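Coordinate analysis (summary)
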Amino acid sequence: MSDETPTIYEWAGERAGFERSLDAFYDLVEDDGLLAPVFEGQVSEQHRRDVVTWWCEVMGGPADYTEVLGGYEHMLSKHRGLHITAEQRLRFVTLLSQAADLAGLPDDPEFRAAIMGYAEWGTRLAAYNSSDATDIVEHAPVPRWGWGVAPPYQP
Ligand code: HEM
């Protein structure tokens, strides 16, 4: 991959892109019978903002979640004990994909594969971390995701 390859964060339209998409996502969550109860019916502005900050860092943007919001350990503490079911996890991923469309994020296959690959990975970890497993990883850096095998097609 050349040095000119943009980060996923840049390709998404930076913070504004993730804000639009995650706002659309949490609006869908609030109307979803399976997921709304996990968030006690409402997703606060602060939660939306903080999760945007997480996604921006993961996708190659500023490391503000690590530096200001408590990093991996804080995220982990929020999922602990939620007992996320397989059905809830799948719905969460589906709504993330739907929200990316609603928000008009770039729809090239490479970008969508990158963010949905992370969604699949992240939700599986979140579900595991929400269980009663005794080998949950307590400390880790906030992940940094990449394009994998398919960086943007730039002829
Ligand atoms: C890619 C997958 C996921 C990511 C990146 C993610 C990210 C986060 C982050 C960063 C926080 C903490 C926000 C803060 O700083 O306060 C959080 C909290 C939370 N997450 Fe997730 N999460 C994921 C999957 C899930 C799933 C699958 C569920 C449930 C179905 C879930 C439910 C929650 C809830 C209920 C909270 C606490 C909300 C609150 O404090 O108001 N998350 N998530």
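Residues numbered from 1 in each chain as written. Predicted model: local features only at pLDDT ≥ 70, side-chain atom pairs only at ≥ 80, totals over all residues. Heavy atoms only, no water.

Per an unreviewed UniProt entry, the protein carries the name Oxidoreductase and comes from Nocardioides currus.

1. Describing the overall build of the protein
If you tally the helices and strands in the protein, you get seven helices and zero strands. Tracing the protein from N to C terminus, the helices and strands come up as α-α-α-α-α-α-α. Taking 15 Å as the expected radius of gyration for a compact globule of 155 residues, we find that the protein reaches 15 Å, a close match to that expectation. Along the first, second and third principal axes, the C-alpha atoms of the protein reach 45 × 35 × 25 Å. In the protein, which comprises 155 residues, the proportion classed as buried is 41%. Partitioning the contacts of the protein with sequence separation of at least 6, the portion at a separation of at least 24 is 75%. Taking the 11 positively charged and 26 negatively charged side chains of the protein as two groups, their mean positions are separated by 4 Å. (Helix = DSSP H or I, 4+ residues; strand = E, 2+ residues; numbered from the N terminus. Rg over C-alpha atoms; globule rule 2.2 N^0.38 Å. Buried < 20%, exposed > 50% of the residue type's maximum accessible area, 1.4 Å probe, protein only. Contact = heavy atoms within 4.5 Å. Lys, Arg positive; Asp, Glu negative; His and termini not counted. Charge placed at Lys NZ, Arg CZ, Asp CG, Glu CD.)

2. Overview of the environment of Gly104
Position of Gly104 among the secondary structure elements: in the loop between α6 (86-102) and α7 (109-129). Relative accessible area serves as the criterion here: at 49%, Gly104 is assigned to the partly exposed category.

3. Here's the deal with the coordination of the iron atom of the ligand
Among protein residues, the single donor to the iron atom of the ligand is His79 (NE2), with a metal-donor distance of 2.1 Å. Its place among the elements puts His79 in helix α5 (residues 71-79). (Donors = N, O, S within 2.8 Å, 3.2 Å for Na, K, Ca; no water.)

4. A short note on the site of the ligand
The environment of the ligand is made up of 20 residues, and the closest members are His47, Tyr65, His74, Lys78 and His79. Here the ligand occupies the largest pocket. Of all the secondary-structure elements, those providing two or more residues to the shell around the ligand are α3 (45-58), α5 and α7. When the residues that make up the shell around the ligand are grouped by side-chain class, the tally is 13 nonpolar, five polar and two charged. (Near = heavy atom within 4 Å. 1 Å grid on protein atoms, 1.4 Å probe; cavity = no way out; pocket = protein on both sides within 12 Å on 5 of 7 lines; lining within 4 Å. Sits in = over half its atoms within 2 Å of the grid points. Nonpolar A, V, L, I, M, F, W, Y, C, P; charged D, E, K, R; others polar.)

5. Description of empty space enclosed by the protein
Tallied over the entire structure, the rule returns one cavity of 30 Å³ or more. Quantified by volume, the largest cavity comes out at close to 70 Å³. If you go around the largest cavity, the residues you meet are Phe18, Ser21, Leu22, Trp55, Leu96, Ala100, Leu105, Ile115 and Met116. Looking at the lining of the largest cavity, the elements that each hand over two or more residues are α2 (14-30), α6 and α7. (Points joined across faces, edges and corners; volume = space filled by probe spheres on them.)

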